[in-house]
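Coordinate inspection notes
Below are the chains, spelled out letter by letter.
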Amino acid sequence: MSMREITRQASVSARTDLLTGLGNRRASLDDAEDHAAALQLADHRLYEQKRSRTPSR
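Our subject in this report is the structure included herewith. (Residues numbered from 1 in each chain as written. Predicted model: local features only at pLDDT ≥ 70, side-chain atom pairs only at ≥ 80, totals over all residues. Heavy atoms only, no water.)

1. Considering the overall build of the protein
- Within the protein, the secondary structure is distributed over one helix and zero strands.
- Overall size of the protein, expressed as C-alpha extent along the three principal axes, is 85 × 10 × 5 Å.
- When burial is assessed residue by residue, the protein has 0% of its 57 residues classed as buried.
- For the protein, the computed accessible surface area is about 5700 Å², with 55% contributed by carbon and sulfur atoms.
- Positive and negative charge centroids in the protein, built from 10 and 8 side chains respectively, lie 5 Å apart. (Helix = DSSP H or I, 4+ residues; strand = E, 2+ residues; numbered from the N terminus. Buried < 20%, exposed > 50% of the residue type's maximum accessible area, 1.4 Å probe, protein only. Areas by Shrake-Rupley, 256 points an atom, 1.4 Å probe, with all protein chains shown as cover. Lys, Arg positive; Asp, Glu negative; His and termini not counted. Charge placed at Lys NZ, Arg CZ, Asp CG, Glu CD.)

Written as structure tokens, this is what we have:
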């Protein structure tokens, strides 16, 4: 195998690793956003429950 072919294969491999890493990071961030939205909704529901139990002045 020539040096040119070895260099090309290494470049393709590095690019693939980079894109895979970016894809994994994006998936992780998407999961974090989903969890944050679920927590915000739960917090809002809890707030509404407490508010409905508090007598009006």
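2. Re the pattern of salt bridges
- Evaluation of the coordinates by the stated rule reveals two salt bridges.
- Salt-bridge contacts for Arg-8 lead to Glu-5; the nearest nitrogen and oxygen are separated by 3.1 Å. Here the residue Arg-8 and the residue Glu-5 both occupy positions in helix H1 (residues 3–53), the gap between them amounting to three residues, near one helical turn.
- For Arg-8, a relative accessible area of 47% puts it in the partly exposed group.
- For Glu-5, a relative accessible area of 27% corresponds to the partly exposed category.
- Taking the shortest distance from any N to any O, the salt bridge between Glu-48 and Arg-51 comes out at 3.6 Å. With Glu-48 and Arg-51 both in helix H1, this residue pair falls three residues apart, about one helical turn.
- Classification of Arg-51 by relative accessible area gives exposed; the value is 51%. (Salt bridge = Lys/Arg side-chain N within 4 Å of Asp/Glu carboxyl O.)

3. Comments concerning a nonpolar patch on the surface
- A cluster of nonpolar side chains, Met-1, Met-3 and Ile-6, forms an exposed patch at the surface whose accessible area comes to about 370 Å².
- Within the secondary structure, Ile-6 sits in helix H1. (Patch = residues over 30% accessible without salt bridge, like charges linked within 9 Å, V, L, I, M, F, W, Y side chains within 5 Å.)

4. Topic: a negative patch on the surface
- Among the surface-exposed residues, Asp-30, Asp-31, Glu-33 and Asp-34 lie close enough to one another that they form a single negatively charged patch.
- By secondary structure assignment, the location of Glu-33 is in helix H1.

Remember, this is a structural readout, not a statement about activity or role.
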